[in-house]
Amino acid sequence: MGGGTGQRSWCTRPQFLLPAAGAAAIGAVAIGRGRDSVGSWVTEDGRAEYLEAYGRAFEAMPEPDEVFDLQTTFGVVRAYRFAGSGEGLPTVLLPGRGGASPTFAVNIPPLLELGDVYSLDLLGDPGMSVQEQPINDDADQASWLHQALSQLPSEKLHLMGVSIGGWAAANLARHHPESIRALTLVDPVFVFDSIPLGTVLRSIPASVPWMPQSWRDRFNSYIAGGAPTDDSPGAQMLEAGQRTFRIRLPAPRRIRPAELEHLSMPVLVILAGKSVMLNPPAAAESADRTLKQGTVQVHSGASHVVNAEHPAQIAEDVDSFLHRI
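Here the residue index of a chain counts from 1 through its sequence in written order. Local features in a predicted model are, by the rule used here, given only for residues with pLDDT of at least 70; side-chain atom pairs are given and counted only at 80 or more, and totals for whole chains, interfaces and linings are based on all residues. Side-chain figures throughout are based on the complete set of non-hydrogen atoms in the structure, without hydrogens or water.

**Describing the overall build of the chain**
Okay, so step 1: Secondary structure elements are defined from DSSP: runs of H or I of at least 4 residues count as helices, runs of E of at least 2 residues count as strands, and each element is numbered from the N terminus. Per the secondary structure count, the chain includes 12 helices and 12 strands.
Okay, so step 2: Partly exposed residues are those whose accessible area sits between 20% and 50% of the maximum for their type, while under 20% is buried and over 50% is exposed, using a 1.4 Å probe and protein chains only. Looking at the chain residue by residue over its 325 residues, the buried ones come to 55%.
Okay, so step 3: Here the chain displays about 12900 Å² of accessible surface, and carbon together with sulfur accounts for 52% of that area. Note on areas: these come from Shrake-Rupley sampling with a 1.4 Å probe, and a residue is covered only by the protein chains present in the view.

**Some words on the pairing of strand β9 (residues 180-186)**
Along any regular strand, the residues point their side chains to alternate faces of the sheet.
Okay, so step 1: With six of its seven residues buried, β9 lies for the most part within the structure.
Okay, so step 2: Only strands that DSSP links by at least two bridges are regarded as paired with each other. Across six bridges, strand β8 (residues 157-162) lies against β9 in parallel orientation. Counted as the bridge partner of L159 is L183 from β9.
Okay, so step 3: With strands facing away from the observer, any crossover in which the path from the first strand over the helix to the second runs clockwise is taken as right-handed. Handedness of the crossover joining β8 and β9 through helix α5 (residues 164-175): right-handed.
Okay, so step 4: With four bridges connecting them, β9 and strand β11 (residues 267-272) associate as parallel partners. Within the sheet, the bridge partner assigned to L183 lies in β11 and is V267.

**Considerations on the environment of D217**
Okay, so step 1: Along the chain, D217 turns up in helix α7 (residues 213-223).
Okay, so step 2: Owing to a relative accessible area of 23%, D217 belongs among the partly exposed residues under this scheme.
Okay, so step 3: Spatially, the C-alpha atoms of D217 and E239 are 8.3 Å apart, while their sequence positions differ by 22 residues.

**Considerations on the pattern of salt bridges**
Okay, so step 1: Salt bridges are identified by distance alone: a Lys or Arg side-chain nitrogen within 4 Å of an Asp or Glu carboxyl oxygen. This model, assessed by the stated rule, comprises 14 salt bridges.
Okay, so step 2: Linking D69 and R78 is a salt bridge whose minimum nitrogen-to-oxygen distance equals 2.6 Å. Here D69 matches R78 in class, with each residue buried.
Okay, so step 3: Here E239 makes a salt bridge to R243, at a shortest N to O gap of 3.0 Å. A residue pair is termed a helical-turn pair when its members lie 3 or 4 positions apart in one helix, as E239 and R243 do in helix α8 (residues 233-244) at four residues.
Okay, so step 4: A relative accessible area of 27% means that R243 is categorised as partly exposed.

**Topic: the packing of aromatic side chains**
Okay, so step 1: Any pair of Phe, Tyr and Trp rings, taking the six-membered ring for Trp, is counted once the centres come within 6.5 Å. Such a pair is stacked with planes under 30 degrees apart, edge-to-face with planes over 60 apart, and tilted for the rest. Taken as a whole and judged by the stated rule, the model has six aromatic pairs.
Okay, so step 2: Residues Y80 and F82 carry aromatic rings whose centres are separated by 6.5 Å and whose planes lie at 35° to one another, so their mutual orientation is tilted.
Okay, so step 3: Taken together, the ring pairs in this structure connect W41, Y50, Y54, F58, Y80, F82 and F245 into an aromatic cluster.

**A closer look at the side chain of T199**
Okay, so step 1: Within the element layout of this structure, T199 appears in helix α6 (residues 197-206).
Okay, so step 2: On the accessibility criterion, T199 (1% relative accessible area) is buried.
Okay, so step 3: For T199, the side chain forms a polar contact with the main-chain oxygen of V276, separated by 2.6 Å. The term polar contact refers here to a pair of N or O atoms within 3.5 Å; inside protein, the definition further demands a hydrogen-donor-capable atom paired with an acceptor-capable atom, and it admits residues adjacent in sequence only when both atoms are side-chain atoms.

**Considerations on the packing of helix α2 (residues 44-58) against α8**
Okay, so step 1: Interaxial angles span 0 to 180 degrees and are taken between N-to-C directions of axes, which are lines fitted to C-alpha atoms, for helices over the stretch in contact. The N-to-C vectors of α2 and α8 enclose an angle of 160°; their axes lie 8 Å apart at closest approach. Of the possible angle classes, the one that applies to α2 and α8 is roughly antiparallel. The crossing of α2 and α8 is left-handed. Between α2, through G46, E49, Y50, A53, Y54, R56 and A57, and α8, the contact on the second element is made entirely by P233, G234, Q236, M237, A240, G241, R243 and T244.
Okay, so step 2: Taken together, the residues that form the contact of α2 with α8 break down as seven nonpolar, five polar and three charged. Note on angle classes: values under 35 degrees are labelled roughly parallel, values over 145 roughly antiparallel, values of 65 to 115 roughly perpendicular, and the remainder oblique. The crossing is said to be left-handed when, going from far helix to near helix, the turn is anticlockwise and less than a right angle, and right-handed when the turn is clockwise. Throughout, a residue-residue contact means that at least one pair of heavy atoms, one from each residue, lies within 4.5 Å. Throughout this entry, Asp, Glu, Lys and Arg are counted as charged residues, while Ala, Val, Leu, Ile, Met, Phe, Trp, Tyr, Cys and Pro are counted as nonpolar. The remaining residues, Gly among them, count as polar.

**With respect to the packing of helix α4 (residues 138-149) against α5**
Okay, so step 1: Look at α4 against α5: their axes get within 9 Å of each other, and the N-to-C directions meet at 90°. Classified by the angle between their axes, α4 and α5 sit roughly perpendicular to one another. The segment α4 lies against α5, with D138, A139, Q141, A142, L145, H146 and L149 engaging W167, A168, N171, L172, R174 and H175.
Okay, so step 2: Partitioned by chemical class, the residues of the contact of α4 with α5 number seven nonpolar, four polar and two charged.

**Quick notes on the environment of A302**
Okay, so step 1: Examined against the element boundaries, A302 turns out to sit in the loop between β12 (294-299) and α11 (306-309).
Okay, so step 2: For the pair A302 and K274, spaced 28 residues apart in the sequence, the C-alpha separation amounts to 5.6 Å.
Okay, so step 3: The residues touching A302, leaving out its near neighbours within four places in the chain, are A272, G273, K274, S275, E309 and H310.

As structure tokens, then:
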């Protein structure tokens with residue numbers, strides 16, 4: 001997708017500094033927008049704590065071959081490129097709300113067997129990307145992502161989004177479809193179904209930064225199918241981001257079926273059979289009905305964090321999907 005108008009900078013090793021210029025899944029819905037118009041750290045100490053946690057979590061990642069800070073109208077987007085052993089279509093990974101690139105530590109190695117992999121930190125979320133201007137609506141969300149991807153070396157891309165990253169990928173596809181060769185949506189929220197009311201209500205206390213950590217732990221466990229929370233570097237990074245960063249993004253709007261009907265690229269939809277972020281049967285039926293070139297797969301025993309639970313199977317699903325297009 002070369003040829004973008006923004007400025008691109010890169011280095012050969014990740015720099016765990018901000019560029020100069022579960023509750024996590026739906027925090028923007030539960031909290032809403034405050035007086036500040038851009039995402040920000042609660043305190044400077046909180047920022048430092050998160051950067052340290054991000055650095056520890058990143059140690060589980062493969063060594064990136066390139067690190068980009070991509071200047072867009074709305075801020076600087078951090079992206080990493082990992083050189084794959086395969087020669088397939090490059091894959092761009094978009095994480096869930098508050099997740100950032102290190103949450104893909106288990107997904108990148110099997111995907112590298114297919115081809116190059118890029119990972120982005122979403123603008124307006126905790127991570128290495130830095131929001132500089134307000135993001136007001138779905139069109140703005142698509143615009144910053146389009147601008148960032150347009151600066152990557154690859155002309156055509158396979159976009160793979162998880163949870164709210166799936167919404168971001170689908171939202172981009174309906175606004176700027178021209179450079180997306182294929183789309184994979186992994187248990188995407190606000191795309192084929194709305195978040196159940198019970199999950200929204202459970203998220204509210206866990207979305208308030210000053211609430212006890214145990215409340216966030218319970219909600220994160222609920223999203224993960226009841227699995228106990230751990231003390232891994234990735235979990236510490238997620239918890240630090242929930243507690244130290246204020247997200248100031250518009251609540252995602254449910255994408256209407258009529259908007260999905262116009263998607264021209266092949267779409268792989270991977271749903272978790274035990275997801276609490278959507279109704280799996282209803283979402284599968286909606287995807288089957290609305291997508292022109294859709295493939296729907298349901299992992300019956302998986303929770304909303306299906307990509308972390310079954311990374312090898314997800315890579316196999318993607319490999320089979322890309323070989324058919």
